[in-house]
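Inside the fold
So the chains spell out like this:
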Amino acid sequence: MRVITGSARGMSLKTLEGETTRPTTEKVKEAVFSAIQFEIEGRRVLDLFAGSGQMGIEALSRGAESAVFVDSDKNAISIVKQNVEKTGFTDKSQIVQMDSMGFLNMNVRTYDVVFIDPPYSTGLLEKALERVTDYVAEGGIVICEYPFKDELPETVEGLSVYRSYKYSKTAVTIYRKD
């Protein structure tokens, strides 16, 4: 897995071993960032269920102001730290080892771009999507990755579907804050 473009272009990122984390494929990541390329520069990013941190790191590489990485798995957090250090984004990053829903319950900041990619078929995507709406800045976007057979609502408390894509077994829906 590599950073696609920007200041950290071409740098390889570590991923977790085993089945507990499912990294976003290069094809999906490239498509997502192509769709949101003008939404990144100077923005505050939240990478919820961060895994290896590749989505937040890609955003930082493309000029995001800052990124918060949240994951409950200590091994994932270790990988995020290593990847953030390797790419030189330590000063723009906050890494939080915590349950994502717990983080949202205590959060007080707003974000311009939010990535939500929880473990599939756990119900966490729907819960996180409903909860995160309070923390999305006006005009901000929420990018959800999930199994292509699942369906997400057209609207969720102030968020409306902006675009949806399907790639093999993966679907991506981008919501925009009204």
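Scroll up a little and you will see the structure.
In this report, the structure presented in the accompanying data block is examined.

What counts and what doesn't
- Residues numbered from 1 in each chain as written.
- Predicted model: local features only at pLDDT ≥ 70, side-chain atom pairs only at ≥ 80, totals over all residues.
- Heavy atoms only, no water.
- Helix = DSSP H or I, 4+ residues; strand = E, 2+ residues; numbered from the N terminus.
- Rg over C-alpha atoms; globule rule 2.2 N^0.38 Å.
- Contact = heavy atoms within 4.5 Å.
- Lys, Arg positive; Asp, Glu negative; His and termini not counted.
- Charge placed at Lys NZ, Arg CZ, Asp CG, Glu CD.
- Buried < 20%, exposed > 50% of the residue type's maximum accessible area, 1.4 Å probe, protein only.
- Pairing = 2+ DSSP bridges.
- Core = buried A, V, L, I, M, F, W, Y, C linked by side-chain atoms within 4.5 Å.
- Salt bridge = Lys/Arg side-chain N within 4 Å of Asp/Glu carboxyl O.
- Phe/Tyr/Trp six-rings, centres within 6.5 Å; stacked < 30°, edge-to-face > 60°.
- Lys NZ or Arg CZ within 6 Å of the ring centre and 35° of its normal.
- 1 Å grid on protein atoms, 1.4 Å probe; cavity = no way out; pocket = protein on both sides within 12 Å on 5 of 7 lines; lining within 4 Å.
- Points joined across faces, edges and corners; volume = space filled by probe spheres on them.
- Nonpolar A, V, L, I, M, F, W, Y, C, P; charged D, E, K, R; others polar.

What the protein chain contains, in helices and strands, is five helices and eight strands. Seen in sequence order, the protein chain has helices and strands lined up from the N terminus as α-β-α-β-α-β-α-β-α-β-β-β-β. By the compact-globule yardstick of 16 Å for 178 residues, the protein chain fits well, its C-alpha radius of gyration being 15 Å. If one aligns the C-alpha atoms of the protein chain with their principal axes, the spans along those axes are about 40 × 30 × 30 Å. Considering only intrachain contacts with a sequence separation of at least 6, the fraction spanning at least 24 residues in the protein chain is 63%. Side-chain charges of the protein chain comprise 22 positive and 26 negative groups, with the mean position of each set lying 4 Å from the other.

The α-helix winds at 3.6 residues per turn, so residues separated by three or four positions along the chain end up facing the same way. Within helix α1 (residues 26-35), burial applies to V28, K29, A31, V32, F33 and A35. Considering only its buried residues, α1 is in contact with α2 (54-61), β4 (111-116), β5 (136-147), β7 (159-167) and β8 (170-177).

Strand order in the open sheet formed by eight strands is β3-β2-β1-β4-β5-β8-β7-β6, and the pairing between neighbours is mixed. Of all strands in the sheet, those bounded by a partner on one side alone are β3 (93-97) and β6 (155-156). Examined bridge by bridge, strand β1 (residues 44-48) and β4 share four bridges and lie parallel to one another. Looking at the pairing, V45 lines up with V113 of β4.

Grouped together as the largest cluster of nonpolar side chains are 29 residues, with contacts concentrated most on V32, F33, I36, F69, F115 and I143. Among the elements of the structure, α1, α2, β2 (66-71), α3 (74-87), β4, β5 and β8 are those that each provide at least two residues to this core. The dominant element in this core, judged by the number of residues it contributes, is α1, at five residues. With near-sequence residues (within four places) excluded, F115 lies in contact with V32, F33, I36, V45, L46, D47, L48, M55, A59 and I143. V96, V114, V156 and Y175 belong to the second largest nonpolar core, which has 26 residues in total.

Attention now goes to the pattern of salt bridges. Per the stated rule, a full pass over the model turns up five salt bridges. We note a salt bridge from K29 to E58, for which the minimum N-O separation is 3.7 Å. Here the residue K29 occupies a position in helix α1, and E58 occupies one in helix α2, the gap between them amounting to 29 residues. Since its relative accessible area comes to 0%, K29 is described here as buried. Here R131 and D134 are joined by a salt bridge, their closest N and O atoms 2.9 Å apart. Since its relative accessible area comes to 22%, R131 is described here as partly exposed. Beyond isolated ion pairs, a larger network of salt bridges with shared partners links K29, E58 and R62.

On to the packing of aromatic side chains, then. In total, this model carries two aromatic pairs according to the counting rule given. Their ring planes at 40 degrees and their centres at 5.7 Å tell us that F33 and F115 sit as a pair that is tilted. A residue pair is termed long-range when its members are at least 10 positions apart, and F33 in helix α1 and F115 in strand β4 qualify at 82 residues. With respect to burial, F33 and F115 carry one shared label: buried. Measuring from centroid to centroid gives 6.0 Å for Y165 and Y167, while their planes differ by 20 degrees, and the two rings are stacked. You can call Y165 partly exposed: its relative accessible area is 25%. Here the guanidinium or amino end of R176 rests over the ring plane of Y162, the centre of that ring lying 4.4 Å away.

Attention now goes to empty space enclosed by the protein. Unfilled space is identified by rolling a water-sized probe across the atoms. Following the criterion strictly, the structure yields one cavity of 30 Å³ or more and no others. Lining the largest cavity are T24, V32, M55, F115, I116, D117, I143, C144, E145 and V172. Those elements giving two or more residues to the lining of the largest cavity turn out to be β4 and β5. Per-element tally for the lining of the largest cavity: the top contributor is β5, with three residues. Residue composition of the lining of the largest cavity, grouped by class: seven nonpolar, one polar and two charged.

None of the figures reported here should be taken as evidence of function without further support.
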